[in-house]
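# Survey of secondary and tertiary structure
Here's the letter readout for the chains.
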Amino acid sequence: MARRILVCDDEADIRESLRTLLTEEGYEVTAVSSGVNAVSEAPDHDAVLLDIKMPGQDGLDTLAKLRARGVTTPVIMISGHGDVKTAMDAVRAGADDFLEKPLSSEHVLNALRRVLDTTRLARENLELKSRLGIGRIVGSSDPMRKLLADIAKAAPTPATVLIHGPSGTGKELVARAIHDASLVKSGPFVQVNCAAIPDTLIESELFGHERGSFTGADRKQTGKFVEADGGSIFLDEVGDMSAPAQAKVLRVLQEGEVEPVGSPRVVKVKVRVIAATNRDLTGLIAQGKFREDLYYRLNVLVLRTPALAERRDDIPALVAWFAEQFAKTNNYRPKRFTDAALEALAARPWPGNVRELKNHVERLMIMSDADVLDAGDVDGAPAPSAGEAAPVLVRGGKVVDAAGAGTWEGLLGIRTLQEFQDEAERLFLVSKLAENGGNVTRTAEAIDTPRSNLYKKIDRYGLRRDREGGEA
């Protein structure tokens, strides 16, 4: 099938000469004279040749509108002699290459082959990884095919990516796949869990600090953005970032500048930003908890990770992959799942998505003595994993643990004030988690505390959370 090329130039002679050249090379060509028409046509094409200087909406405005709408079609800018610096700036803003007038047939064809080959190789690489399970992105269902295609389109561009999807759907794996197929794949991949870092430390973690800049800063620290210079940074659970940190991240995206805490100097960095969340950022904006200008900076290319319930056809492949990897890593005997076992697994609701399925498969590998697992093995209620706290229950309006201990009445028998306060806090959190179905995000919002603080409390008191409401 012929590759489709869009030519956008306000000069009729250039449009026609490019149409003739590309048609003779076997391409299917559409030629338009305005940026407005290019914005509407670009998604249906494999590459765009776009002139910078045009009346009305010029090439830079057109490029910006394409990227803002999430269009990842490769764009080659066409520049006049005095526009080379502008064209190079356009490459930094999301263009894939540029050509200088007067146009050379050889240069045009070579540039097109480069951007088309880059996109093709990225797509083929991701599809191969999916088939082999490399990188653990496993699946061939329609939702996963779309996700892999979107990754292949997004990866070769420098555009910021926002990954959105339920908890446990593998957003980190998607971020790594984007980095591995990007132009900065030889650079570092730095991951930051924004929800796990206290608000008082997140600026220091992201941007670094000077010695003595605050109490406890006994040495200079390099921030994550500087560590990621020349590569990619993955801002996991970006919706939990504090307001001051949001402002500084916005500055990095706008200016490429990092300001370490306590430093009078700024540091220039060039970093591909990939963010992820399972939260409704527009809702957080309405509540005044997330900056609207940062949202639009992050929301350039949006990829969605599907819930496991949307891709049940992938469950057999996922089960086989998890079982194989667990056996290799832990020196276990390989075990096989019968068709009946796979059907039983596919019928389950999986509210925790792929993460929950992985944990379940590993539990079956450990607890079952059989080499072949059947439906009966899968349907049996598994015991909690070692070290996992028993689930909380509500009985008769009273919150208890699975063993029936720890009721509110039990507080009266506590000896010291500190023990009383700790137990009261634990029971309060147990109650609120139960009210919100174990969802950490909703619970944190309900009791008006940062989610990072709630995670610490949960770990402190050994509470189990069935649905984290957080990032995979």
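As shown above, the structure is provided for reference.
Bear in mind that the values here come from a model prediction, so they are computed numbers and not experimental data.

Sheet strands pair by backbone hydrogen bonding; their relative direction is either parallel or antiparallel. If you trace the 5 strands from one edge of the open sheet to the other, you get β2-β1-β3-β4-β5, paired in parallel fashion. Two strands in the sheet have a free side with no partner beyond their single neighbour: β2 (28–32) and β5 (97–100). Adjacent strand axes in the sheet meet at a mean angle of 20° when their direction is disregarded. Across 4 bridges, the pairing between strand β1 (residues 4–8) and strand β3 (residues 47–51) is parallel. Bridge pairing links L6 to V48 in β3. Running at roughly 175° to β2, helix α1 (residues 12–24) makes contact with β1, β2, β3 and β4 (75–79) of the sheet.

Let us look at the nonpolar core. In this structure, L206, F225, L235, M241, V249 and F290 are the most contacted members of the largest nonpolar core, which totals 31 residues. Those elements giving two or more residues to this core turn out to be β7 (189–193), α8 (199–207), β10 (232–236), α10 (243–255), β13 (272–277), α11 (281–286) and α12 (292–298). Here the element with the most residues in this core is α10; it accounts for 5 residues. The residues touching L206, leaving out its near neighbours within four places in the chain, are V192, G223, K224, F225, L235, M241, A245 and V249.

A few words now on the pattern of salt bridges. In this structure the tally under the stated criterion is 22 salt bridges. The partner of E445 in a salt bridge is R279, with the nearest N and O atoms 2.3 Å apart. In this pair, E445 is assigned in helix α18 (residues 440–446) and R279 in the loop between β13 and α11, connecting sequence segments 166 residues apart. Overall, E445 belongs to the partly exposed group, its relative accessible area being 38%. R304 is the salt-bridge partner of E310, the closest N and O atoms lying 2.6 Å from each other. R304 sits in the partly exposed class, given a relative accessible area of 46%.

In this fold, L183 is placed in the loop between α7 (171–180) and β7. Considered as a pair, L183 and A155 are 28 residues apart in the sequence and their alpha carbons are 7.8 Å apart. What L183 contacts, discounting residues up to four positions off in sequence, is A155 and P156.

What follows deals with the packing of helix α13 (residues 315–330) against helix α14 (residues 339–346). The geometry of α13 relative to α14 is characterised by a closest axis approach of 9 Å and an angle of 110° between their N-to-C directions. The angle between α13 and α14 places the two elements in the roughly perpendicular class. Here the hand of the crossing between α13 and α14 comes out right-handed. On α14, the residues touching I315, P316 and V319 of α13 are L342, L345 and A346. Counted by class, the contact of α13 with α14 contains 6 nonpolar, no polar and no charged residues.

Moving on, we get to α8. Because an α-helix completes one turn every 3.6 residues, residues spaced three or four positions apart along the sequence face the same direction. Of all the positions in α8, only I202, S204, L206 and F207 are classed as buried. Directly after α8, the chain includes G208, whose backbone phi takes a positive value near 85°.

Taken residue by residue, a regular strand's side chains alternate between the two faces of the sheet. With 5 bridges connecting them, β1 and β2 associate as parallel partners. Bridging from a neighbouring strand, L6 pairs with T30 of β2. Handedness of the crossover joining β1 and β2 through α1 is recorded here as right-handed.

Definitions and limits used
Residues numbered from 1 in each chain as written. Predicted model: local features only at pLDDT ≥ 70, side-chain atom pairs only at ≥ 80, totals over all residues. Heavy atoms only, no water. Pairing = 2+ DSSP bridges. Helix = DSSP H or I, 4+ residues; strand = E, 2+ residues; numbered from the N terminus. Axes fitted to C-alpha atoms, helices over the stretch in contact; angles between N-to-C directions. Contact = heavy atoms within 4.5 Å. Core = buried A, V, L, I, M, F, W, Y, C linked by side-chain atoms within 4.5 Å. Buried < 20%, exposed > 50% of the residue type's maximum accessible area, 1.4 Å probe, protein only. Salt bridge = Lys/Arg side-chain N within 4 Å of Asp/Glu carboxyl O. Parallel < 35°, antiparallel > 145°, perpendicular 65-115°, else oblique. Left-handed = near helix turned anticlockwise from the far one by under 90°. Nonpolar A, V, L, I, M, F, W, Y, C, P; charged D, E, K, R; others polar. Right-handed = clockwise from strand over helix to strand, strands pointing away.

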